[in-house]
Amino acid sequence: QQQVKQSPQSLIVQKGGISIINCAYENTAFDYFPWYQQFPGKGPALLIAIRPDVSEKKEGRFTISFNKSAKQFSLHIMDSQPGDSATYFCAASAYGSGNTGKLIFGQGTTLQVKP
Amino acid sequence: DTAVSQTPKYLVTQMGNDKSIKCEQNLGHDTMYWYKQDSKKFLKIMFSYNNKELIINETVPNRFSPKSPDKAHLNLHINSLELGDSAVYFCASSRQLGNYGYTFGSGTRLTVV
C-alpha cells in the first residue's frame, strides 16, 4: 500500500512533442505528490508538486494532472526539448495521523528527447 | 554556495571496511534524510532526522548508523561494508517535518570491491 507505481520505464519523444508520465498509488492517506527531475551524476531536483485539493497544476511547460478518485497523477511536458532528457520520478507522502511525511518514490522514467 | 553538500562524491573501498559519508545543508532546514539509489535508480529512504532527533529508521541493517551533531549536519557511518552496499547515497533536507519539497545533495557513489 506504500508503493507508487510509475510508467513507462522509458520514453522517447521528438523535440516539440508532449511527454507524458503516469503514476498510480494505493494509500489514500497520501496528500502530497511531487515530481523530481534527475540528470546523470546529480541529485533529484524538485520540479513541480500538487496537493489533492486541486486537479491540475501548471508551471511553464510542466503540468501535473491529478485524479483523486482513480488514485492517479501524471506529468505532462509540453514542447519537449533535448535539455529535458533526464530521469523523472513521481513521489507521494502523507503527514499526520502517524504518518511521517517521508517521500515514497516511483521507479523512475528515463526520458530521451530527440532533436 | 551548495545548498546540500555531501562528501566524498566517490568512495571505493574493500569489503569489511568501515566508512563514513558526511552531509551538510546551509538552507536552515529542520529535517534531513538519507536515501539509497540502487543500480536500477530506485530511491528508498533509509533515515530521517528532525532537529537532531531520529524520526525515520527504515529496515536498514544495523551496520548503517546515522549521526546528527546539529540540525545542519547528518552523517552516515557504515560498518563491515558488503558488496550489496554498493549504490549511490543521497542526503536531502526539507524545511520541516511534513509534506515539503526535498533538496537533494549530488550523491555519494559507493563501490565496494
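For the structure, see preceding data.
Residues numbered from 1 in each chain as written. Chains lettered and ligands numbered in written order. Predicted model: local features only at pLDDT ≥ 70, side-chain atom pairs only at ≥ 80, totals over all residues. Heavy atoms only, no water.

J.: Would you take a moment to explain the interface of chain B and chain A for this structure?
T.: Frequently, the measure chosen for interface size is the accessible area that the parts lose on association. Listed per partner, the contact involves 21 residues of chain B and 23 residues of chain A. Between the two partners, chain B and chain A, sit one salt bridge. Here E58(B) ties to K102(A) by a salt bridge, and the two come within 2.7 Å at their closest N and O atoms. At the junction of chain B with chain A, the criterion picks out nine residue pairs in polar contact (both at pLDDT 80 or more). Classifying every residue of the side of chain B that touches chain A gives 11 nonpolar, six polar and four charged. (Contact = heavy atoms within 4.5 Å. Salt bridge = Lys/Arg side-chain N within 4 Å of Asp/Glu carboxyl O. Polar contact = N/O pair within 3.5 Å; in protein donor to acceptor, adjacent residues only side chain to side chain. Nonpolar A, V, L, I, M, F, W, Y, C, P; charged D, E, K, R; others polar.)

J.: Sorry if this is basic, but what is going on with the state of the cysteines here?
T.: Disulfide: a covalent bond connecting the sulfur atoms of a pair of cysteines. Residues and elements named next belong to chain A. Within this structure, the stated rule accounts for two disulfides over all chains. Paired by a disulfide, C23 and C90 hold their sulfur atoms 1.9 Å apart. The disulfide joining C23 to C90 has a torsion of about -95° about its S-S bond and is therefore left-handed. With C23 in strand β3 (residues 19–25) and C90 in strand β9 (residues 86–92), this pair connects stretches of sequence that are 67 residues apart. Residues C23 and C90 agree in their burial class; the two are buried. (Disulfide = S-S within 2.5 Å. Helix = DSSP H or I, 4+ residues; strand = E, 2+ residues; numbered from the N terminus. Buried < 20%, exposed > 50% of the residue type's maximum accessible area, 1.4 Å probe, protein only.)

J.: Would you explain the nonpolar core in this entry?
T.: Among soluble globular proteins, nonpolar side chains are generally buried collectively. Residues and elements named next belong to chain A. Judged by nonpolar contacts, the single largest core of 26 residues is most densely connected at V4, F30, F33, W35, F73, L75 and Y88. When contributions to this core are tallied by element, the ones reaching two or more residues are β2 (10–14), β3, β4 (33–38), β5 (45–50), β7 (62–67), β8 (72–77), β9 and β13 (109–114). The element best represented in this core is β9, accounting for four residues. Non-local contacts of F33, meaning those with residues more than four positions away in its chain, are made with Y25, I48, A49, I50, P52, I64, F66, F73, A91 and A92. (Core = buried A, V, L, I, M, F, W, Y, C linked by side-chain atoms within 4.5 Å.)

J.: How do you make sense of the sheet that holds β8(A) when you look at a structure like this?
T.: Two orientations exist for strands paired in a sheet by backbone hydrogen bonds: parallel and antiparallel. All names here are of chain A. Spatially, five strands are ordered β1-β3-β8-β7-β6 in an open sheet, and the strand pairing comes out antiparallel. The open sheet terminates on both sides in strands that have one partner only, identified here as β1 (4–7) and β6 (56–59). Across the sheet, the mean angle from the axis of one strand to that of its neighbour is 15°, orientation sign disregarded. Relative to β8, β3 is paired through six bridges, and the arrangement is antiparallel. By the bridge assignment, N22 is partnered in β8 with S74. (Pairing = 2+ DSSP bridges. Axes fitted to C-alpha atoms, helices over the stretch in contact; angles between N-to-C directions.)

J.: Help me understand the pattern of salt bridges in this model?
T.: Think of it this way: side chains of opposite charge can pair up when their charged atoms draw near. This structure, assessed with the given rule, holds eight salt bridges over all chains. Here R61(A) makes a salt bridge to D84(A), at a shortest N to O gap of 2.8 Å. Here D84(A) lies in the loop between β8 and β9 and R61(A) lies in the loop between β6 and β7, a separation of 23 residues in the sequence. According to the relative accessible area criterion, R61(A) is partly exposed, its value standing at 27%. A salt bridge links R63(B) to E82(B), with the shortest nitrogen-to-oxygen separation between them at 3.5 Å.

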